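Summary of structural features
One letter stands for each residue in the lines below.
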Amino acid sequence: MRITDLLKSDGIALNVAPDGKDAVIEQLIELHDACGNLEDRDAFKSGILAREEMGSTAIGNEIAIPHAKSAAVKAPALSAITVPNGVDYDAPDGNPCKLFFMIAATTDGDVHLEVLARLMQMLVDEKFVADLKAAKTPDEFMAIIDAKEDEKKAAEAAPAKKDGYQILAVTACPTGIAHTYMAAENLAKAAEEMGVTIKVETNGSGGAKNVLTAEEIANCDGIIIAADKSVETARFDGKPVISTAVSDGIHKPKELIQKVLDGKAPTFKADKADVAEAASGDGDSFGRKLYKHLMNGVSHMLPFVVAGGIFIAIAFLIDTIAGVKMDGNFGSGTPVSAWLKALGGEAFGIMLPILAGFIAMSIADRPGFLVGIIGGFLAKYGSTFQHITDPDGKFGLVPSGFLGALLAGFLAGWLMKMVMKLCDKLPNALEGIKPVLIYPLAGLGIVGVMMCAVNPVMGILNTGLSDGLLWLNEHNLGLLLGFILAAMMAIDMGGPFNKAAYVFGSVVGLSMANETGYMIMAAVMIGGMVPPIAIALSTTFFKNRWSESERKSGPVNYIMGLSFITEGAIPYAASYPLKVIPACMIGSGVAGFLSWLFKCTLMAPHGGIFVVATIGHAPFYLLSLVIGSIVACLILTILKGKNNA
């Protein structure tokens, strides 16, 4: 699709004089409406204004490109105006804007981003922009765009020189739209002026394009990374690399290129493990892709964990101050605490679907989001073919926890990607209904069958675990029981192991109403408190093991751990399961062993440190918690190793 396919002559107004930003928006929308591009003019305007509230769509150099995706748009389209006297549009360079394009996009697909990216590449050419501003008629305006697009396509179609490229570059910005492509275009333009061959990979909103090959990397003189977000760098091991901000790629392209040519770029040394991964093929290796998909889910889930956990902890604090009875309803004993706990619980309730949803979306783009979200909910509920949900608990469904959500996210994403490839063979006439009908229907059916087949296994596992715990109790193996119960709380943090241990403590233990029963509950709760505290300790005292974002989120886990909110550890366990889970299991097990050794008892099923009044031998219980947390922290720190990000 060409840019002029979306732009009609009636959608262009030249040499106009609007009296401000609002008037510009109004006129551009009016042009869309006049061309018949809109179903609902007011609804589309609301979308444009909502986008502007997020930040001005002015890109500098006297240009602005307001845009919105809306159900009020009939088909993707453009409108354009030129304003010789300029209008203040809150541009980043402070200059008034004189050239405006407005993109109207439908809600299915990312056509507006594709068009926006193409416009970015063309609008960095000052002569092209000047020609557009000087156009006398709409037809001349469109002819200038057509000619420039033909020129670009011819340049892109030109074969690479046999000797490869002297310079390679990667550009990326957080949104993957404007600056990514402006930097790429300016670097290419500067290289051409300097007589240097260059290839630029863009990490834009639609993924990496023009990806650098292993052969090109091996034969180049050096690489420029102009990026404000993480890009794959292990493939550049041993090559001269300049890493800088994307803005430098826009404003200092010749300086960057000259630095590489002069041999002033430092040699890049990548982590050996990352190099091994990258060597498996061009672009991201499978392992690296796996990690990025996982991080996409974890980063989106983290706010739900933190906010939900803090609200629940505040609810416990309020009930403690109010003197509420420390039983199964602790945390909901006053109207305010009940409201806070319910709100925090709702945040917790969707954190697993968020994790699975964004993992699947990272793999299969937007069609994967539905299957991931539903897969996460089915993992949360423990759904089976007989019962999708169990709000009253009468069916005994067993959640598969965050491990089930991880499985749902990855498998659902990969299966959805297969469906999308199969759908590529469908007639073009069905292209429009794929994202709104075919993908959702196929995805929902696939993830439903998949998770309902997996979850019953968790129920069988849960029954076996419960029977095993009863056997230990009946044979007076208390110290071993304390260790195992506490360790189980740290395995899957909401899955069958955790659930079996918690139900055994809160139902079997408390119903015994004797010292042994209360010792069981004490071991269960201490096991659930250790993982968040261990992570908080490690991120506080061993900062070189963690990334900046992980260090910032770590201290919140002190509060969650002390409040018996094990879920605070889930983002870290999801990110590094083979390191976090074993460490926390051992630390929790040690804490549970010591709690039983000191004959610590607990008569409340929840609340953590806030129910200390119900804890027997409380000083020894706190000592057990400290020792177990330190043990888990040290093991985790050793297993984690230094962070190389």
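Source: prediction; values computed, not measured. (Residues numbered from 1 in each chain as written. Predicted model: local features only at pLDDT ≥ 70, side-chain atom pairs only at ≥ 80, totals over all residues. Heavy atoms only, no water.)

Here we look at the overall build of the chain
Worth spelling out the cut-off: By the criteria applied, helices consist of DSSP H or I runs no shorter than four residues and strands consist of E runs no shorter than two, each listed in order from the N terminus. Any two residues whose heavy atoms approach within 4.5 Å at even a single point are treated as in contact. Here, Shrake-Rupley sampling with a 1.4 Å probe gives the accessible areas, and only protein chains in the shown set may cover a residue. Neither His nor the chain termini are counted; the positive set is Lys and Arg, and the negative set is Asp and Glu. Charge positions come from single atoms, namely NZ of Lys, CZ of Arg, CG of Asp or CD of Glu.
Scanning the chain for helices and strands turns up 24 helices and 13 strands. Each principal axis of the C-alpha distribution contributes one length, and for the chain these read about 90 × 55 × 50 Å. Partitioning the contacts of the chain with sequence separation of at least 6, the portion at a separation of at least 24 is 71%. As displayed, the chain has an accessible area near 28000 Å², and 60% of this comes from carbon and sulfur atoms. Both charge centroids of the chain, one from 51 positive and one from 63 negative side chains, sit 5 Å from each other.

Concerning the packing of helix α13 (residues 351-364) against helix α15 (residues 401-423)
For any two helices packed against each other, the geometry is given by the interaxial angle and the distance between the axes. The condition is simple: Every axis in this analysis is a line fitted to C-alpha atoms, fitted for helices over the stretch in contact. Angles between the N-to-C directions lie between 0 and 180 degrees. Between 65 and 115 degrees an angle is taken as roughly perpendicular, under 35 as roughly parallel, over 145 as roughly antiparallel, and anywhere else as oblique. For any helix crossing, the convention is left-handed if the near helix is rotated counterclockwise from the far helix by under a right angle, and right-handed if that rotation is clockwise. Residues are grouped as follows: nonpolar covers Ala, Val, Leu, Ile, Met, Phe, Trp, Tyr, Cys and Pro; charged covers Asp, Glu, Lys and Arg; every other residue, Gly included, is treated as polar.
Here α13 crosses α15 at 30 degrees, and the two axes come no closer than 8 Å. Judged by the angle between their axes, α13 and α15 are roughly parallel. For the crossing formed where α13 meets α15, the hand is right-handed. Contacts between α13 and α15 involve Leu352, Leu355, Ala356, Ile359, Ala360, Ile363 and Ala364 from the former and Gly401, Phe402, Ala405, Leu406, Ala408, Gly409, Phe410, Gly413, Trp414, Met416, Lys417 and Met420 from the latter. Per-class residue counts for the contact of α13 with α15 are 15 nonpolar, three polar and one charged.

A short note on the confidence of the model for the chain
Condition: For every residue, the predictor assigns a confidence score, pLDDT, that lies between 0 and 100.
Summing up the model confidence of the chain, the mean pLDDT is 85 and the portion of residues at 70 or higher is 91%. Averaged pLDDT values for the elements of the chain fall to 43 in helix α10 (residues 272-278) and rise to 96 in helix α24 (residues 618-640). Segment residues 272-284: pLDDT under 50, and 21 contacts once partners within four positions in sequence are set aside and those in other chains are kept.

A look at the packing of aromatic side chains
Note the threshold: Note on aromatic contacts: the rings of Phe and Tyr and the six-membered ring of Trp form a pair at centre separations within 6.5 Å, being stacked when their planes are under 30 degrees apart, edge-to-face when over 60 apart, and tilted otherwise. Buried means the residue's accessible area, taken with a 1.4 Å probe over protein chains only, is under 20% of the maximum for its type, while exposed means over 50%, and partly exposed covers the values in between. As a reminder, the over-ring test applies to NZ of lysine and CZ of arginine, requiring each to be within 6 Å of the ring centre and within 35 degrees of the ring normal.
By the definition in use, this model includes 11 aromatic pairs. Ring centres 6.1 Å apart and planes at 25 degrees place the aromatic pair Phe377 and Tyr381 in the stacked group. Taken as a pair, Phe377 and Tyr381 lie in helix α14 (residues 366-381) at a separation of four residues, close to a single helical turn. With relative accessibility at 31%, the residue Tyr381 sits in the partly exposed group. Taken together through their ring pairs, the aromatic side chains of Phe316, Phe330 and Phe610 make up a single cluster. A cation sits over an aromatic face here: Lys21 above Tyr89, 4.7 Å from the ring centre. The positively charged end of Lys640 is found above the aromatic ring belonging to Trp546, 5.2 Å away from the centroid.

Structural notes on the packing of α14 against α15
Packing of α14 against α15 leaves a shortest axis separation of 8 Å and a crossing angle of 150 degrees. In terms of axis orientation, α14 runs roughly antiparallel to α15. Pair α14 / α15 crosses with right-handed handedness. Contact residues: Pro367, Gly368, Val371, Gly372, Gly375, Gly376 and Ala379 in α14; Gly401, Gly404, Ala405, Ala408, Ala412, Met416 and Met420 in α15. Along the lines of polarity and charge, the residues of the contact of α14 with α15 split into eight nonpolar, six polar and no charged.

Points about helix α12 (residues 335-349)
Quick reminder of the rule: In a helix, the anticipated span is given by 1.5 Å times the number of residues less one.
For α12, spanning 15 residues, the distance from its first C-alpha to its last is 21 Å, which sits close to the expected 21 Å at 1.5 Å a residue. Of all the positions in α12, only Ser337, Leu340, Gly344, Ala347, Phe348 and Gly349 are classed as buried.

Description of the pattern of salt bridges
Using the following cut-off: Salt bridges are counted wherever a side-chain nitrogen of Lys or Arg sits within 4 Å of a carboxyl oxygen of Asp or Glu.
According to the stated counting rule, one finds 15 salt bridges in the structure shown. Note that Glu151 is salt-bridged to Lys148, the shortest N-O span being 3.4 Å. Placement of both Glu151 and Lys148 in helix α5 (residues 138-157) is noted, with a separation of three residues, approximately one turn of the helix. Here Lys254 ties to Glu193 by a salt bridge, and the two come within 2.9 Å at their closest N and O atoms. With a gap of 61 residues between them, Lys254 in helix α9 (residues 253-261) and Glu193 in helix α6 (residues 178-194) connect regions that are remote in the sequence.

Looking at a nonpolar patch on the surface
Cut-off, in case you're wondering: Surface patches are defined over residues having more than 30% relative accessible area and no salt bridge, joining like charges when they lie within 9 Å and nonpolar side chains (Val, Leu, Ile, Met, Phe, Trp, Tyr) when within 5 Å.
There is a patch of nonpolar side chains on the surface, built from Leu430, Ile433, Val436, Leu437 and Leu441 and spanning about 420 Å² of accessible area. With respect to the helices and strands, Leu430 occurs in the loop between α15 and α16 (434-474).

What to know about the nonpolar core
The nonpolar side chains of a soluble globular protein tend to be buried, and buried together. Quick reminder of the rule: The definition of a nonpolar core used throughout is a set of buried Ala, Val, Leu, Ile, Met, Phe, Trp, Tyr and Cys residues joined through side-chain atoms within 4.5 Å.
With 95 residues, the main nonpolar core has Leu294, Phe402, Leu481, Leu485, Val580, Leu602 and Tyr621 as its most contacted residues. Looking at this core, the element that brings in the most residues is helix α19 (residues 515-541), giving 14 residues. Aside from chain neighbours lying at most four places away, what touches Leu294 is Ile359, Leu406, Phe410, Ala574 and Ser575.

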